[in-house]
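Tertiary structure, described
One-letter residues, chain by chain:
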Amino acid sequence: MQNLTDYAKRCQSWLKALQNRVSWQKKISLRIGIVPLPVVGLIMGCMTAFLTFGTMPGEISVMLAILAVLGFSCAELGRRLPGLKQIGGPVIVTILLPSCLVHYQLIPVALVRSIESFWHTTNILYLFTVAVIVGGILSMDRQVLIKGFVKLFIPLAAGSVAAAMIGTLTGMALGLDARHTFFYIVVPIMAGGLGEGAIPLTLDYAAILNVSQPELFAQVTPPIVLGNLCAIVCATVLHRLGKRFPKYSAGQCLSANRLIRKQAHLTPTTMESLATAGMVALSLYMVGILVNQFTGWPAPIVMLGLAILVKLTCAISPKLEDGADLMHHFFTKAAAYPILFGMGLTLTPWQALVTALTPVYLITIFVTVLTLALTGLIVGRWAGLNPIESAIINVCHSGMGSVGDMAILTSAHRMHLMPFAQLATRIGGALTIVIALMMFSQ
């Protein structure tokens, strides 16, 4: 009898342990983004302890964990806010909330300094750009790559001209000076971002006018940032339009041209291919940096051209294409929102945005971006492209460089379009600057 009692107690103990295990597994399956909820609590607890004792480390492992938790938390908040979630809430909140918190000093200074130092010393944004661009190109169908790049020039050129004209006319109708509207609002929106757009543009403006460059840079920064936010909203609306009206997703579909991996599981072979694809991407970027040192050409553009050349010459094997596809998916899934949080904290000037929030400026900026989208939608369909994707690529012409494209494509759920978006942002931006400076000097 005693043995039966002991056995019953042991069974109850095992049953309780099993129930606890099942309960823990349910908790660990709850996630914020890709981070399990208990892990979020653990990382936040460690971060709080570091800040309390003044020992916040700046090493990459700690910073990546913190950026992941904060970035995915902001995205989850944006995904749940009524109204905002329909117009790209996850991306908008992830960019704007950290900028606002830093401005009002609601984030510990030690944490802000650690993230800023990590962001500027590691240039982690370029690692993301390298993986997404090269991975996207190498895993793309070769024939579609050729036809897509050629055909996209038509809606992109038409959209640039239409946006320049309609945006300027809108500003004039609202009482702004035509010269100021065109050169200080419309052109900066399509110049390719802050680093490779606003800086060279305002340096040449300053040389022509013989004035201080920082003063001009402060004028063109708000239109660039607000233009990017408008582009995020347009991309979200376009995504929903494509889901609601499938006819606008007809034509040559760039999103359906990705290679399908033959292997369903991550075998050692595919993992080796992933590592090899990563090394190929890094090597192409290093060549881009070397070329930049001798010619001044932006390294990402050189890397983009080299990746296209590698793809067109069939210089890589199908296994390497599988690895490139895995690399692309991994970075878009795991790194997008952490990078966006870092962008909001380090690169988005809250005060400049608030200052520029006047109806005249907002309407002019929104009309400029909307014109890019509508022109891409109409002309893209005429050119035989997927109208939705053509419009999204056109909208990327108003992006803040690579990080702006990432925000726009994340909002549109089409990160695989990054190579085409880079074409619109970088090459389109460079041409916009050249033409604008020729006109400005006259």
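One can find the structure itself at the top, above this paragraph.
Only a predicted model underlies this, so the values are computations on that prediction, with no experimental measurement involved. (Residues numbered from 1 in each chain as written. Predicted model: local features only at pLDDT ≥ 70, side-chain atom pairs only at ≥ 80, totals over all residues. Heavy atoms only, no water.)

Let us look at the overall build of the protein chain. Assigned secondary structure in the protein chain consists of 19 helices and two strands. Summarising the internal contacts of the protein chain: among those between residues at least 6 apart in sequence, 78% fall at separations of at least 24. A total of about 20800 Å² of accessible surface is found on the protein chain, and carbon and sulfur atoms cover 68% of it. (Helix = DSSP H or I, 4+ residues; strand = E, 2+ residues; numbered from the N terminus. Contact = heavy atoms within 4.5 Å. Areas by Shrake-Rupley, 256 points an atom, 1.4 Å probe, with all protein chains shown as cover.)

Once that is clear, we can look at the packing of aromatic side chains. The tally for this structure, following the rule as stated, stands at eight aromatic pairs. Seen in terms of ring centroids, Phe182 and Phe183 are 4.9 Å apart; in terms of plane orientation they differ by 85°. Their pairing is edge-to-face. Phe183 carries the same exposure label as Phe182, and that label is buried. Three or more aromatic residues joined by ring pairs form one cluster here, namely Phe182, Phe183, Tyr184, Tyr205 and Phe440. (Phe/Tyr/Trp six-rings, centres within 6.5 Å; stacked < 30°, edge-to-face > 60°. Buried < 20%, exposed > 50% of the residue type's maximum accessible area, 1.4 Å probe, protein only.)

The backbone phi angle of Asn123 is positive, close to 50°, even though this residue is not glycine. Examined against the element boundaries, Asn123 turns out to sit in the loop between helix H5 (109-122) and helix H6 (124-138). The partly exposed category is assigned to Asn123, whose relative accessible area is 42%. The backbone of His413 shows a phi angle near 60°, a positive value even though the residue is not glycine.

Among the nonpolar cores identified, the biggest contains 126 residues, and Tyr205, Ile339 and Met406 are the most heavily contacted of them. Examining the composition of this core, we find that 12 residues originate from one element, helix H10 (residues 213-244), more than from any other. What Met406 contacts, discounting residues up to four positions off in sequence, is Phe128, Ala336, Ile339, Leu340, Met415 and Met418. (Core = buried A, V, L, I, M, F, W, Y, C linked by side-chain atoms within 4.5 Å.)

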